[in-house]
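# Remarks on the overall topology
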Amino acid sequence: MANKANRTGRPMWVRVLLNLPLLIVVGAIVVSIVWGENSYIKRIGYQERIGQLEDEIKQYRDSADFYARKAGELNTDPETLEKIAREQYGMKRDNEEVFVTDIK
């Protein structure tokens, strides 16, 4: 009597597990995990993309801080301004000569 069978000859556990509402619920859970707008698989991809974007934001903020410090130096330190004007723009004072070479 441990393995009861119904009229069709199937064991009792088969009849319990194969009822229609249970199959519908399990099917809906599987569909929501695999497909759809809010699927678990898409959420994992979105979380990875969010992490990448947050890293990118951090890099841009660091870059913006660096250039803000450089701009502050240029506005407050005349020696730094002169150095950049000479090196990057080839400017010189009135009483001096500058020789430009391609040697690096």
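Everything below is about the structure shown above.
Report follows, based on the coordinates. (Residues numbered from 1 in each chain as written. Predicted model: local features only at pLDDT ≥ 70, side-chain atom pairs only at ≥ 80, totals over all residues. Heavy atoms only, no water.)

### Quick word on the overall build of the protein chain
Heads up, the rule is: Elements are defined by DSSP. Helices are runs of H or I of four residues or more, strands are runs of E of two residues or more, and each kind is numbered from the N terminus. Only protein chains enter the calculation, and the probe is 1.4 Å; a residue is then buried if its accessible area is under 20% of its type maximum, exposed if over 50%, and partly exposed in between. In these tables, accessible area is a Shrake-Rupley quantity obtained with a 1.4 Å probe, and a residue counts as shielded only by the protein chains included in the view.
A count of helical and extended segments in the protein chain gives 4 helices and 0 strands. Walking the protein chain from its N terminus toward its C terminus, one meets helices and strands in the order α-α-α-α. The buried share of the protein chain, reckoned over its 104 residues, is 4%. Roughly 10200 Å² of accessible area belongs to the protein chain as shown, and the carbon and sulfur atoms make up 59% of that amount.

### Focus: the packing of aromatic side chains
For clarity, the threshold we go by: Any pair of Phe, Tyr and Trp rings, taking the six-membered ring for Trp, is counted once the centres come within 6.5 Å. Such a pair is stacked with planes under 30 degrees apart, edge-to-face with planes over 60 apart, and tilted for the rest.
Tallied over the entire structure, the rule returns 1 aromatic pair. Ring centres of Phe66 and Tyr67 lie 5.1 Å apart, and the angle between their planes is 75°; on these two criteria the pair is classed as edge-to-face. You can call Phe66 partly exposed: its relative accessible area is 38%. What makes Tyr67 exposed here is its relative accessible area of 56%.

### Digging into helix H4 (residues 78-89)
How we decide: Here a helix's expected span is defined as the number of its residues, less one, multiplied by 1.5 Å.
For H4, built from 12 residues, the straight-helix expectation of 16 Å at 1.5 Å per residue is met to within 8% by its first-to-last C-alpha distance of 16 Å. Within two residues after H4, Gly90 carries a phi angle of roughly 65°, on the positive side.

### Regarding the pattern of salt bridges
Where we set the bar: Definition used for salt bridges: Asp or Glu carboxyl oxygen within 4 Å of a side-chain nitrogen of Lys or Arg.
Considering all chains together, one arrives at 2 salt bridges under this definition. A salt bridge links Glu82 to Arg86, with the nearest nitrogen and oxygen atoms 3.0 Å apart. A residue pair is termed a helical-turn pair when its members lie 3 or 4 positions apart in one helix, as Glu82 and Arg86 do in helix H4 at 4 residues. Arg86 sits in the partly exposed class, given a relative accessible area of 30%.

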